[in-house]
Amino acid sequence: MKIGRTDLKVGLEVCVATLDDALAAVEGGADRLELNSALEVGGLTPSMGTLIEVRAAVDVPIVVMIRPRPGGFCYSEADLTVIQRDIDLALEYGADGIAFGVLKENGSIAFARCQQLVRQIGDRDTVFHRAFDLTPDAWIALEQLAELGVTRVMTSGQEANVYNGMAKITELVERGGERIGILPAGGVNRFTVRDLVMKTGCQEVHASLRGTKSDTSAAGRPQVKFGSNGRASE
């Protein structure tokens, strides 16, 4: 991905949830994909069927999101069992990396649990996703993740979007140095990306770049709803 001047280049990771998404992203110039389901809740673990078909269709690296449920990132032992099983399956079916994030109840890094997952992932890329933005001390969290050998951290600079978090992202890039990559995410688009790259010194960005497409099969009975629409399930 070229930003502004021809000599200013940055890696582009695109968040996708379907095979159609993946094909469009690669055609549009994505250097890497992050494969999810349920992007409307921030991304959950995709189906293995989706991974298999995307892996067969594209040549770019695929990072698979491993997140078993919506909500926070302090997981039960049952959740961790599912996470570990999903990691094994994702690696078996062609994932080049795994995105994950595990926190303690106070929002700090669950170091021992993350260490266990990093060891399980082995030599594939390890990405600590935007659970990082919930940590109470970004600098302690960064040092812990660097110590664990995490490949890169996805972050909006602990703000609502990368534009607001640009100052912290800049410092994260500086502190991370060669030890751990910083992947800005959250509000990256064609209007913000040039400033982001120029001001922070980041080498890659993460974007969803989503559009809207109507499925008219759901239009016939608008009174029929699927899901809670933000309300508690009945």
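Our structure's up above, just so we're on the same page.
Let me sum up the structure you'll find in this document. It should be emphasised that the depicted structure is a prediction, and the values quoted were computed from it without experimental measurement.

Here is what the cut-offs are and how they apply
Residues numbered from 1 in each chain as written. Predicted model: local features only at pLDDT ≥ 70, side-chain atom pairs only at ≥ 80, totals over all residues. Heavy atoms only, no water. Helix = DSSP H or I, 4+ residues; strand = E, 2+ residues; numbered from the N terminus. Buried < 20%, exposed > 50% of the residue type's maximum accessible area, 1.4 Å probe, protein only. Phe/Tyr/Trp six-rings, centres within 6.5 Å; stacked < 30°, edge-to-face > 60°. Lys NZ or Arg CZ within 6 Å of the ring centre and 35° of its normal. Core = buried A, V, L, I, M, F, W, Y, C linked by side-chain atoms within 4.5 Å. Contact = heavy atoms within 4.5 Å. Polar contact = N/O pair within 3.5 Å; in protein donor to acceptor, adjacent residues only side chain to side chain. Expected span 1.5 Å × (residues − 1). Arc of directions from axis to C-beta. Axes fitted to C-alpha atoms, helices over the stretch in contact; angles between N-to-C directions. Left-handed = near helix turned anticlockwise from the far one by under 90°. Nonpolar A, V, L, I, M, F, W, Y, C, P; charged D, E, K, R; others polar.

Brief notes about unusual backbone geometry
And then number 1: With phi around 50°, Ala38 is a residue other than glycine that occupies positive phi space.
And then number 2: One can find Ala38 in the loop between β2 (32-35) and α2 (48-57).
And then number 3: Since its relative accessible area comes to 21%, Ala38 is described here as partly exposed.
And then number 4: The phi dihedral of Gln158 falls on the positive side, at around 60°, and the residue is not glycine.

Some remarks on the packing of aromatic side chains
And then number 1: Within the structure shown, the criterion is met by 1 aromatic pair.
And then number 2: Measuring from centroid to centroid gives 5.8 Å for Phe100 and Phe128, while their planes differ by 75°, and the two rings are edge-to-face. Here Phe100 is found in strand β4 (residues 97-100), whereas its partner Phe128 is found in strand β5 (residues 125-128), with 28 residues between them in sequence. Per residue, the accessibility class of Phe100 equals that of Phe128, and both read buried.
And then number 3: Its guanidinium or amino end placed over the ring of Trp139, Arg175 lies 4.1 Å from that ring's centre, counting from NZ or CZ.

Focus on the nonpolar core
And then number 1: Among the nonpolar cores identified, the biggest contains 60 residues, and Leu33, Ile98, Phe100, Phe128, Phe132, Leu145 and Val205 are the most heavily contacted of them.
And then number 2: Among the elements that make up this core, the one with the highest residue count is helix α5 (residues 138-148) (6 residues).
And then number 3: In contact with Leu145, not counting residues within four places along its chain, are Ile109, Phe128, Phe132, Val150, Val153 and Ile180.
And then number 4: Counting 7 residues, the second largest nonpolar core, distinct from the first, contains Val63, Met65, Ala99 and Leu183.

Describing the side chain of Thr200
And then number 1: Here Thr200 is to be found in helix α7 (residues 193-200).
And then number 2: A distance of 2.6 Å separates a polar side-chain atom of Thr200 from the backbone oxygen of Leu196.
And then number 3: A distance of 3.2 Å separates the side chain of Thr200 from the backbone nitrogen of Cys202, its partner in a polar contact.
And then number 4: The contact partners of Thr200, leaving out residues within four places of it in the chain, are Met166, Ile169, Thr170, Val173 and Asp195.

Considering helix α3 (residues 77-92)
And then number 1: In a regular helix each residue adds 1.5 Å, so 16 residues correspond to 22 Å; α3 covers 23 Å between its end C-alpha atoms and thus fits that length.
And then number 2: Here α3 has its buried residues at Asp79, Leu80, Ile83, Asp86, Ile87, Ala90 and Leu91. The arc enclosing the buried residues of α3, seen along the axis, measures out at 130°, which places them on a common side. Opposite the buried face of α3, by more than 90 degrees, sit the exposed residues Glu77, Ala78, Thr81, Arg85 and Glu92.
And then number 3: Taken together, the buried residues of α3 touch α2, β3 (62-65), β4 and α4 (111-121).
And then number 4: Positive backbone phi, approximately 110°, marks Gly94, located one or two places after α3.

Comments concerning the environment of Ala110
And then number 1: Considering the arrangement of structural elements, one finds Ala110 in the loop between β4 and α4.
And then number 2: The class of Ala110 is buried, set by a relative accessible area of 7%.
And then number 3: Separated by 34 residues in the primary sequence, Ala110 and Gln144 place their C-alpha atoms 9.6 Å from one another.
And then number 4: With residues up to four places along the chain from it excluded, the contact list for Ala110 reads Val102, Leu103 and Lys104.

Concerning the packing of α4 against α5
And then number 1: At their nearest, the axes of α4 and α5 sit 10 Å apart, and the two run at 35° to each other. Crossing geometry of α4 relative to α5 is assigned as right-handed. Only Gln144, Glu147 and Leu148 of α5 make contact with α4, whose side of the interface consists of Phe111, Cys114, Gln115 and Val118.
And then number 2: Of the residues assigned to the contact of α4 with α5, the class counts are 4 nonpolar, 2 polar and 1 charged.

Side note on the environment of Gly201
And then number 1: Of note, Gly201 is situated in the loop between α7 and β8 (204-207).
And then number 2: Gly201 sits 30 residues away from Glu171 along the chain, and the two C-alpha atoms are 9.7 Å apart.
And then number 3: Apart from residues lying up to four places away in sequence, Gly201 is in contact with Val173 and Leu196.

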